[in-house]
Amino acid sequence: MKIKLRSIKTQITLTLVIVMSVVFILLGFVASERLKALPLIVLDQYQEIALSRAGELGNEIQGLDNQIQMISLSNVMVSMELEEIQTYLLSMTRQQLFRNFTFSTPDGLAWATYDQFIDISNQRQFIEIFINQKGSYLSRPFFSPFIPEPYPIITMSHAIKNDSNQTIGLVNGVVSTRFIDNILKSITFQEDGFAWIIDDLGNVVAHPDDNISIDTSFNQITGLDFALFSNSNEKTFSFKQDDKTMINVYASIPSTNGWTLILSIDQQQAFSKVSVVSDTINISLIMALIILIIILLISTNTIITPLLKLQNAFEQAKKGNLSYKADESAPNEIGEASKSFNQMLSQIRELTYIDPITGLNNFFSFLNEIPRLNYSMMDEDYFVYVVILSIDDFKRINSLYGYDVGNSTLRSLSLMIQPYLKENEMIARYFGDEMICSMIARSELEIRQRVEEIVAISRQPFQVSTIEIHLDVSCGVAKLEKNSTINMAIRQATLAKHKAKLDPFTHVIFYSQTIYLDILAKQDLEEAIAYAIEREEFYCVYQPIYHMSQKKIIGYEALLRWNNPDYQNIPIINVIKLAETKGYIHDIGRFVLRVAAKQLKRLNEVDPNLYMCVNVSPLQLQNQGFYECALTSLREIRFNPKNLMIEMTESAAMLDIDAKQDILLKLKNFGFRIAIDDFGTGYSSLIYIAKLPIDTIKIDREFISKVESDEYPRALIISILSIAKSLNLTVIAEGVETQEQALALQSIGCEIIQGYYISKPILL
Ligand code: C2E
Ligand code: MG
Ligand code: MG
């Protein structure tokens, strides 16, 4: 998994994990500080035990000592009568607490209740009571020198005093240390905890371990210095025993000569509960931390995942996938944001994919959809086709009924076509009057049938707001080849469509190699035309214009010719149209004007009234440079332009007639004469066209060829002649091929003719 540090998820998670870890470390620290005090508390508790047990033991000893004291104070004892004392002491032994009693006189001779006289003058209690004059004395444990037995004994001695408080005797209670051992053995805690007692000199008084005798010293057991221990203020001390560390608490036993009760506990055991508690707390803290982190990860996931999904939606939109939908299911602000995003995207989609004028899918939407279609068809036997539908003469609808009807027509047409498209095929607006479709089919035959069906539907009349619309549609189709591009397929379909538009009988044309070769040929031709100017392959021929009554040539029309062996048979009008599209027409026009003017100069040297017609393309007229060029070439040959006649076709003159008026007026003012060529083909009214500053009308060959056979052209020419006369215009009949035509024209008053009947265009 790749961790992105700049991702909001990582940042939030990291921050929370860090914050939580810090909090938990602090908690752990506080807890461990608290836990550190726990052993002290535990030790305090042990010390309490030690104190209470030491107290109990002290009480026990005190109780025994009290009994001896009571005996010592009794009258029997004070009487010092041996026989009575023997009876009394023997009766006391029945209590079983004392093993025996001893009664001694100050000379050290003592009687013991096991009925024996013994010498105690060298015993400690004798010294303490009789010599040191103490009231009582508790001995440390020792083995009886008189009775052999396994357990040491202790003696509790009290002085017997007379009324003058003089020590007159001593009574001794002898107790086996077993009662102390039993008390010690009853003091058990933890597994290995035990209690033991030492006296004021550091010797063992009692120890539960039978191997440790009363001769054993504190130092031997603990390895510690007793002197240091006894002077220390510490409440505890510790020593090593085997592998264990024994921790010890202690308390002095009251009513003894500085005996100390020591509780020894294995440190580990002593604090086992403490470590259980601290382990539990630590584990709980860690568990809580882990659980919190898991909860955090889950909760950040639930918050962040929708956020990441939304971010992905933005990414998708950025990549142009405008049909992507953000997940709106998050029940929070992110869900709301996703809703807004989707609404926004649908608006963008609308603006991006829908043509605002017609409400149809636009070209961008088409471009966006077709790769998807292509991708989905890839593994199947289907091919994707691009179909371009062009409405022929759509301008007519716009100019006749207005743009609203035009747009509605496009919309209605697409609605008519839509049912003939499959589910994932698309129709979109292309440019102007053209629509583009993506279609799928298994074969060319199948797609041809479907497209022809669509064309047939498009050609059926339909209503657009009470107007009945008839459309002619031309279609170009291209297959989206596997190793080709969409743009290429669109270009190919466009070329096919161009061809379909030029062919009045075929409505659907598939792009093919032939079309491609035609294009190549056209490209070659274009290139050849460009070179023709440089290589001076162009020249002019001249066709005479003849006046029938005067029986003489009154002028010539200069016509362009191209001397190129590869393009001998191309009609010059095609060359000119191509030159117009490529912009070469300006150079060509300049050349013709100069050559024709030179020729005219020569002709006028013989006959000053001869005129020369020069054909001019409307593009030339629009070019500012044309006038300068015309004047320059005229000045060069020092010629007056009155015999130079500019010819412009009727259709060119009709195009933007107001602009033409200015241009032609300028030419007229220079001295040029102006003729309308091919008159009759543009269906314009002569009155209307006479708004232009023209001198001459050249009636198109189409009418002349039928002048003797057909009434209509004859009547038309008669009316042209009559209007021309009234407008003071000269009329020339073009393309006169026969004598009959010439005579027919003359009979209706048309005297000036041009055509093969007189002469073909010739070199002069
Ligand atoms: P246009 O100006 O109407 O020229 C007359 C055309 O009719 C010429 O064809 C001519 O050879 C042809 N013609 C003349 N008499 C007859 C006839 O009795 N029968 C038949 N069938 N045809 C006849 P061309 O030279 O092929 O020129 C065709 C068109 O090309 C011209 O029509 C003109 O519009 C254009 N054109 C020719 N030279 C130039 C030029 O230098 N500049 C411009 N802009 N256009 C030119
Ligand atoms: Mg002409
Ligand atoms: Mg003509």
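Note that the structure is predicted; figures quoted are calculated from it, not measured.

A. Representation of the coordination of the magnesium ion (ligand 3) in the model. Bound to the magnesium ion (ligand 3) on the protein side are Asp677 (OD), Asp678 (OD), Glu734 (OE) and Glu734 (OE), at distances that span 2.0 to 2.5 Å. Between the two metals, the magnesium ion (ligand 3) and the magnesium ion (ligand 2), the spacing is 4.1 Å, and aspartate 677 donates to both. On the basis of relative accessibility, which here comes to 24%, the residue aspartate 678 falls in the partly exposed class.

B. Summary view of the packing of aromatic side chains. Summed over the entire model, instances satisfying the criterion amount to 22 aromatic pairs. Centre to centre, the rings of tryptophan 196 and phenylalanine 218 are 6.1 Å apart; their planes meet at 20°, and the pair counts as stacked. Of this pair, tryptophan 196 sits in strand β7 (residues 194-198) while phenylalanine 218 is found in helix α6 (residues 218-222), placing the two residues 22 residues apart along the sequence. Each member of the pair tryptophan 196 and phenylalanine 218 is classed as buried.

C. Seen up close, the sheet that holds strand β12 (residues 383-392). Ordered in space as β13-β14-β12-β17-β18, the 5 strands form an open sheet in which the pairing is mixed. Sheet topology places β13 (426-429) and β18 (508-510) at the edges, where each strand pairs with a single neighbour. Neighbour-to-neighbour, the strand axes of this sheet turn through a mean angle of 20°, independent of strand direction. With 8 bridges connecting them, β12 and strand β14 (residues 434-441) associate as antiparallel partners. Residue pairing in the sheet places isoleucine 388 in a bridge with isoleucine 436 of β14. Sheet strands in contact with helix α11 (residues 363-377) are β12, β13 and β14, and its direction is about 10° off that of β14.

D. Inspection of the layout of surface pockets at higher detail. Computed from the structure, the largest pocket encloses a volume of approximately 1200 Å³. Lining of the largest pocket is provided by 45 residues; of these, Glu557, Leu559, Ile572, Ile573 and Asn615 occupy positions nearest its centre. Of the residues belonging to the lining of the largest pocket, the class tally is 22 nonpolar, 11 polar and 12 charged. Forming the boundary of the second largest pocket are 18 residues, of which Leu502, Asp518, Ile519, Lys522 and Leu578 lie nearest the centre. Each residue belonging to the lining of the second largest pocket can be placed in one class, and the counts come to 8 nonpolar, 4 polar and 6 charged.

E. Examining the site of ligand 1 more closely. Taken together, 23 residues sit near ligand 1, with Glu557, Asn615, Asp677, Glu737 and Tyr756 positioned nearest. Here an oxygen atom of ligand 1 and a side-chain polar atom of glutamate 557 are 2.9 Å apart. Between an oxygen atom of ligand 1 and a side-chain N or O atom of aspartate 677, the distance comes to 2.7 Å. For ligand 1, the accessible surface in isolation is 800 Å², of which the surrounding protein chains cover 85%. Under a 2 Å grid-point criterion requiring more than half of the atoms, the pocket assigned to ligand 1 is the largest pocket. Those elements giving two or more residues to the shell around ligand 1 turn out to be β20 (552-562), α17 (572-582) and β23 (673-679). Per element, the largest residue contribution to the shell around ligand 1 is 4 residues, and it comes from β20. Grouping the constituent residues of the shell around ligand 1 by class yields 10 nonpolar, 5 polar and 8 charged.

F. Local environment of the pairing of strand β2 (residues 109-112). As paired strands, strand β1 (residues 100-104) and β2 are joined by 3 bridges and run antiparallel to one another. By the bridge assignment, threonine 102 is partnered in β2 with alanine 112. Direction of pairing for β2 relative to strand β3 (residues 116-119): antiparallel, over a ladder of 4 bridges. Residue pairing in the sheet places alanine 110 in a bridge with isoleucine 118 of β3. Between β2 and β3, which pair antiparallel in sequence order, lie 3 residues; one of them, aspartate 115, sits at a positive phi of approximately 60°.

G. Expanded view of a nonpolar patch on the surface. On the surface, Ile283, Met287, Ile291, Leu292 and Ile295 cluster together into a nonpolar patch covering about 460 Å² of accessible area. Structurally, the position occupied by leucine 292 is in helix α9 (residues 272-318). On the accessibility criterion, leucine 292 (35% relative accessible area) is partly exposed.

H. Representation of helix α25 (residues 711-726) within the structure. In a regular helix each residue adds 1.5 Å, so 16 residues correspond to 22 Å; α25 covers 23 Å between its end C-alpha atoms and thus fits that length. Along α25, the positions that sit buried rather than exposed are Pro713, Ile717, Ile720, Leu721 and Ala724. For α25, the angular spread of buried residues about the axis comes to 100°, placing them on one side. Within α25, the exposed residues directed more than 90 degrees away from the buried face are Glu711, Tyr712 and Ser726. One side-chain oxygen of the residue at the start of α25 lies 3.3 Å from the amide nitrogen of tyrosine 712, identifying that residue as aspartate 710.

Rules behind the numbers
- Residues numbered from 1 in each chain as written.
- Chains lettered and ligands numbered in written order.
- Predicted model: local features only at pLDDT ≥ 70, side-chain atom pairs only at ≥ 80, totals over all residues.
- Heavy atoms only, no water.
- Donors = N, O, S within 2.8 Å, 3.2 Å for Na, K, Ca; no water.
- Buried < 20%, exposed > 50% of the residue type's maximum accessible area, 1.4 Å probe, protein only.
- Phe/Tyr/Trp six-rings, centres within 6.5 Å; stacked < 30°, edge-to-face > 60°.
- Helix = DSSP H or I, 4+ residues; strand = E, 2+ residues; numbered from the N terminus.
- Pairing = 2+ DSSP bridges.
- Axes fitted to C-alpha atoms, helices over the stretch in contact; angles between N-to-C directions.
- Contact = heavy atoms within 4.5 Å.
- 1 Å grid on protein atoms, 1.4 Å probe; cavity = no way out; pocket = protein on both sides within 12 Å on 5 of 7 lines; lining within 4 Å.
- Points joined across faces, edges and corners; volume = space filled by probe spheres on them.
- Nonpolar A, V, L, I, M, F, W, Y, C, P; charged D, E, K, R; others polar.
- Near = heavy atom within 4 Å.
- Polar contact = N/O pair within 3.5 Å; in protein donor to acceptor, adjacent residues only side chain to side chain.
- Areas by Shrake-Rupley, 256 points an atom, 1.4 Å probe, with all protein chains shown as cover.
- Sits in = over half its atoms within 2 Å of the grid points.
- Patch = residues over 30% accessible without salt bridge, like charges linked within 9 Å, V, L, I, M, F, W, Y side chains within 5 Å.
- Salt bridge = Lys/Arg side-chain N within 4 Å of Asp/Glu carboxyl O.
- Expected span 1.5 Å × (residues − 1).
- Arc of directions from axis to C-beta.

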